[in-house]
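Understanding the architecture of this molecule
The lines below spell out each chain.
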Amino acid sequence: MAKLTLPDGCDVLEVMPRQTAGDLVIFYIHGGGFVFGSPETHAAMLAQLATRTGARVVMPRYRLAPEFPYPAAIEDVEAAYLALIHSGVDAGNIIIGGDSAGGALTFNLLGQIVASHWPMPRGAFSFSPFVDFAHRGASLRENATREAVLPVERAEQWVQSYLAGADQKNPRISALDANYQGASPVWISVGDTEILRDDARRIQQRLKDQGAAVKFREAHDLPHVWPIFHNILPEARQTLDELASWIKALPRPANES
């Protein structure tokens, strides 16, 4: 496999399982409200997923707001995905995924893959995706005092830092307005007490409306991106087990040569 050629300011962190199973690669986009986080903050969780699937994990390090607002993060993620394919990895062996803001970038990437006719990955997944930048979901109000991790007021500040005046309804920005016709299967999880509960519900409905196969899991009374707490929550380990089983059962894309 060739070395990844990436733009300045973008690199990747790789996590390898002790035992690999085939050529599967998980391309994972970390969360952090577009303003913080890194591959290192999520590496332990992805190591757990790598162990369960036998997959190599590649995590792009994208530029963060407010120093680098839209479209920097999207451009870096797209460049890393294409570089992974150009390095010799078959798109049919790639699973893309991300959490929270990384979930938004995951669906941005999936929409761009569809729009640009890039090689389609085998599947995509997201933990607690942050996709409704207009904050239209009732869960922001209903769960404002129940949310254990992500404060409503901070979420709005992060979005504004990221957008920096860009049109939030632009389909390249808004995952809820993108076209997913012909997209690979998708797996989504969210907690019913999260402020992003309705973000997840709406993106899964958008995907279904566009013809995508979606596996949706809404769990009771679990924190934002709970799989990251795999060392203390049995529910986190169970969710990683469920996701790993879904990944291993995915068929290769039908249009693959």
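Just so you know, these numbers come straight off a predicted model, no measurement behind them.

Below, the discussion takes up the overall build of the protein chain. Within the protein chain, the secondary structure is distributed over seven helices and seven strands. Walking the protein chain from its N terminus toward its C terminus, one meets helices and strands in the order β-β-α-β-α-β-α-β-α-α-β-α-β-α. Its C-alpha atoms give the protein chain principal-axis dimensions of roughly 45 × 40 × 35 Å. When burial is assessed residue by residue, the protein chain has 56% of its 257 residues classed as buried. On the protein chain, roughly 10,600 Å² of surface is accessible, and the fraction owed to carbon and sulfur atoms is 50%. Each charge class in the protein chain can be summarised by its mean position, and for the 23 positive and 29 negative side chains these summaries are 4 Å apart.

Right, let's talk about the packing of helix α2 (residues 72-86) against helix α3 (residues 101-116) for a bit. At a closest axis distance of 10 Å, the pairing of α2 and α3 adopts a crossing angle of 60 degrees. Relative to α3, the element α2 is oriented oblique. At the point where α2 passes α3, the crossing takes the right-handed sense. Contacts between α2 and α3 involve A73, I74, V77, E78 and Y81 from the former and L105, N108, L109, Q112 and I113 from the latter. Class assignment of the residues belonging to the contact of α2 with α3 gives a composition of seven nonpolar, two polar and one charged.

For the pair helix α1 (residues 39-53) and helix α7 (residues 234-249), the least separation of the axes is 9 Å and the interaxial angle reads 45 degrees. Taken together, the axes of α1 and α7 lie oblique to each other. Every pair of crossing elements has a handedness; the one defined by α1 and α7 is right-handed. Contact with α1, carried on its side by M45, Q48, L49, R52 and T53, involves R237, L240, D241, L243, A244, I247 and K248 of α7 and no other residues of that element. A per-class count over the contact of α1 with α7 returns six nonpolar, two polar and four charged.

With that settled, consider the packing of aromatic side chains. The tally for this structure, following the rule as stated, stands at eleven aromatic pairs. Taking 3.9 Å as the distance between ring centres and 10 degrees as the angle between the ring planes, the aromatic pair formed by F34 and Y162 counts as stacked. Taken together, the positions of F34 in the loop between β2 (25-29) and α1 and Y162 in helix α5 (residues 152-163) put the pair 128 residues apart, joining distant regions of the chain. Comparing F34 with Y162, the two get one shared label, buried. An aromatic cluster is present here, built from F34, Y70, F130, F133 and Y162 joined pairwise through their rings.

A few words on empty space enclosed by the protein. Counted by the stated rule, this structure contains one cavity of 30 Å³ or more. For the largest cavity, the calculated volume is near 60 Å³. Lining the largest cavity are V131, D132, F133, A134, R136, Q168, K169, S174 and D177. Looking at the lining of the largest cavity residue by residue, the classes come out as three nonpolar, two polar and four charged.

Another aspect to go through is the sheet that holds strand β5 (residues 123-127). Spatial ordering of the open sheet is given by β1-β3-β2-β4-β5-β6-β7, a layout of seven strands whose pairing is mixed. In the strand order of this sheet, the two ends are held by β1 (11-15) and β7 (214-219), each with one partner. Direction aside, the axes of adjacent strands within the sheet are offset by 20 degrees on average. Here β2 pairs with strand β4 (residues 94-99) via five bridges, running parallel. Within β4, the position partnered with I26 by the bridge is I95.

In this section: the pattern of salt bridges. Enumeration according to the criterion identifies 14 salt bridges in this entry. Among the ionic pairs, D132 bridges to R136, the shortest N-O distance being 3.1 Å. Look at D132 and you get buried, because its relative accessible area is 1%. Judged by its relative accessible area of 45%, R136 is partly exposed.

Take α3 next. The end-to-end C-alpha separation of α3 is 22 Å, in line with the 22 Å expected for 16 residues at 1.5 Å each. Of all 16 residues in α3, 14 are buried, a share of seventy percent or more.

So, how was this worked out
Residues numbered from 1 in each chain as written. Predicted model: local features only at pLDDT ≥ 70, side-chain atom pairs only at ≥ 80, totals over all residues. Heavy atoms only, no water. Helix = DSSP H or I, 4+ residues; strand = E, 2+ residues; numbered from the N terminus. Buried < 20%, exposed > 50% of the residue type's maximum accessible area, 1.4 Å probe, protein only. Areas by Shrake-Rupley, 256 points an atom, 1.4 Å probe, with all protein chains shown as cover. Lys, Arg positive; Asp, Glu negative; His and termini not counted. Charge placed at Lys NZ, Arg CZ, Asp CG, Glu CD. Axes fitted to C-alpha atoms, helices over the stretch in contact; angles between N-to-C directions. Parallel < 35°, antiparallel > 145°, perpendicular 65-115°, else oblique. Left-handed = near helix turned anticlockwise from the far one by under 90°. Contact = heavy atoms within 4.5 Å. Nonpolar A, V, L, I, M, F, W, Y, C, P; charged D, E, K, R; others polar. Phe/Tyr/Trp six-rings, centres within 6.5 Å; stacked < 30°, edge-to-face > 60°. 1 Å grid on protein atoms, 1.4 Å probe; cavity = no way out; pocket = protein on both sides within 12 Å on 5 of 7 lines; lining within 4 Å. Points joined across faces, edges and corners; volume = space filled by probe spheres on them. Pairing = 2+ DSSP bridges. Salt bridge = Lys/Arg side-chain N within 4 Å of Asp/Glu carboxyl O. Expected span 1.5 Å × (residues − 1).

Everything listed is a geometric property; what it means functionally is a separate question.
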